[in-house]
Amino acid sequence: MRRRGLVLVFALAAACRRAPADRYPAASVVLVSIDTLRADRLALYGYAKGATPHLDALGREGVVFEDAYSHCPLTLPAHSSLLTGLLPPHHGVRDNEGFSLAEDKRTLATRFRAAGFETGAAVSAYVIRASTGLSRGFDRYDDALPIDPAVEALAAQRRDGAQSVDSLLGWIDARPARGRFFAFLHLYEPHAPYLPPPAYQRLGDPYDGAVAYADELVGRLVARLRERGRLDGVILAVTADHGEGLGDHGEQEHGLFLYREAVHVPLVLRLPGAARGGTRIAGTLAQVDIPATLLDLAGLPADGMDGRTQRAVIARGTVDSRPVYSETFFPRYHFGWSELLAVTDDRYRYIQAPRPELFDARKDRAERANLAPQRAETVRAMAGWIENALGRVGAAAPSAVPADVAENLRALGYVGGTARLGSTSGPLADPKDEVGAYEAFRRAGALHDGGHDEEAVRELRRLLADSPRMVDAWHLLGLALFRMGRTPDAVAALDKVVEIEPTHAGAHLALARIDAIEGRPDHAARHAQLAAATQPGPGFETLAELMLRANRLPEA
Ligand SMILES: [Zn+2]
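The shown structure was predicted, so the numbers you read here are calculated from the model rather than taken from an experiment. (Residues numbered from 1 in each chain as written. Predicted model: local features only at pLDDT ≥ 70, side-chain atom pairs only at ≥ 80, totals over all residues. Heavy atoms only, no water.)

Our focus in this paragraph is the side chain of Gln 287. One can find Gln 287 in the loop between β9 (280-286) and α9 (289-297). Among the polar contacts made by the side chain of Gln 287, one reaches the main-chain amide nitrogen of His 71 at a distance of 3.2 Å. Residues contacting Gln 287, with those up to four places away along its chain left out, are Tyr 69, Ser 70, His 71, Ala 78, Ser 81, Leu 82, Ala 240 and Asp 241. (Helix = DSSP H or I, 4+ residues; strand = E, 2+ residues; numbered from the N terminus. Polar contact = N/O pair within 3.5 Å; in protein donor to acceptor, adjacent residues only side chain to side chain. Contact = heavy atoms within 4.5 Å.)

Here is the structure:
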């Protein structure tokens, strides 16, 4: 009898350990995304050279997931997954440019708001501005960026994260003490160019310096929540959209490759009252699981998502390992090279490419030894998993150019302008073979940004002789030539862009400007309309400017 009682006690104890973490039906939710933050550059994940005391402290008070993976090494698609709980083929946002989140997609903000939460966000980069659709469901979405005239590309506009933190804290402070809210903070500090404030330049590596500054900003947010007595009423998650190459496989930034450094992201979850603080959880976890878990912890259903709640897992200490899907169509959309797809599980990482790669996820964290040739069976199985889980994953491209766009193209003399971004014929180059060309393109971009157009043009001409389908290189060449006053050459380069990708907004904006200057307002207006087809903001702005210039004020 006594024996049986003891067994019962043990069984109860075991059941308690396995019981899911609590739900918090009165808690608010704060989600922080630190752009471009590689997990392995944090002390939480074993890095020794950085300075991230606030994230370290958060790790001691929170639950740290060791193996969280992003679905895409690009800001807009990854944030779309983080906020919808859907994989890119399901939310439909496949690149930073030319895509926005469809209106029928539910987001964390729309779900929380429907449940009576107040919803507020502050973001730090143009790439996730309100018009991308990510603002849907937010009562307030602060994306007010001071436009820096020294930065030519609109896409590169950003703001100091301190402004975003202050903005969001102001909004949180104004929320009633008993009401529930969902707050989303986006910091852009670790994104290139890495510009750490002087205090962090002592770190030597500017990326580490930028990460250290982002850490300080997270510290500011946490300290204020604590000060106001709100911290223990909040479910707080800190993560990243994707990582950064830092040259490990030849890529300095992100977008081109799916190696671990580009997709392994940190994830720290601080529960109310620092419950289960210091827990570390191993095993692959998907970015889409984050929103599902936040909803579930807050007591809301996480239905209709690819992600699954990890609430039960938090108590158990290991995840139900599920393969994680990642993709990048950046090489295809921008350069005409093959897209990459990947699967990560606890044993292997598989990258599908013209020459596929398979890495031992445990023993080869740096991904140096490609096992694909020896492990054909595993490669087949992992490729099969993608096909089973997602069907045939293809480039999302509207099949045809809309009629008004086609008409504008014809009127401007572009014949056969019905191809669409990403459409190509024949076998595509493997991005592994093109990383040199890609980095040369980035170098040319830096030269152009620094005002060294002549050198930029030399670099680009060399590059395009070998890789004539690099559409973004033609675009950059056009901009550089135009600034040098070589307008006919600039037009030829920009026409080349339109020939490869008829709806390239950047090229049409540049051509609109040139036509306006050269006294062809009708052509200029058509180009601006074409730009507006994929980038309504800048397209319509240019159009309005052209009309003002033509003294047609009423229409502007
Ligand atoms: Zn990003």
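Quick look at the side chain of Arg 159 now. Its place among the elements puts Arg 159 in the loop between β4 (140-142) and α6 (161-173). Polar side-chain contacts of Arg 159 include one of 3.2 Å to the backbone oxygen of Asp 142. Here Arg 159 is in contact with Ala 122, Val 123, Ser 124, Asp 142, Ala 144, Leu 145, Pro 146, Ser 164 and Glu 189, once residues within four sequence places are set aside.

Now for the pattern of salt bridges. A complete count under the given rule lists 38 salt bridges for this structure. When the shortest N-O distance is used, the salt bridge between Arg 228 and Asp 173 registers 3.1 Å. One end of the pair, Arg 228, is in the loop between α7 (206-227) and β6 (234-239); the other, Asp 173, is in helix α6, with 55 residues separating them in the sequence. The exposure class assigned to Arg 228 is partly exposed, which follows from its relative accessible area of 47%. In this structure, Glu 357 and Lys 432 form a salt bridge, with 3.5 Å as the shortest nitrogen-oxygen distance. Of this pair, Glu 357 sits in strand β13 (residues 357-360) while Lys 432 is found in helix α14 (residues 431-449), placing the two residues 75 residues apart along the sequence. Classification of Lys 432 by relative accessible area gives buried; the value is 18%. (Salt bridge = Lys/Arg side-chain N within 4 Å of Asp/Glu carboxyl O. Buried < 20%, exposed > 50% of the residue type's maximum accessible area, 1.4 Å probe, protein only.)

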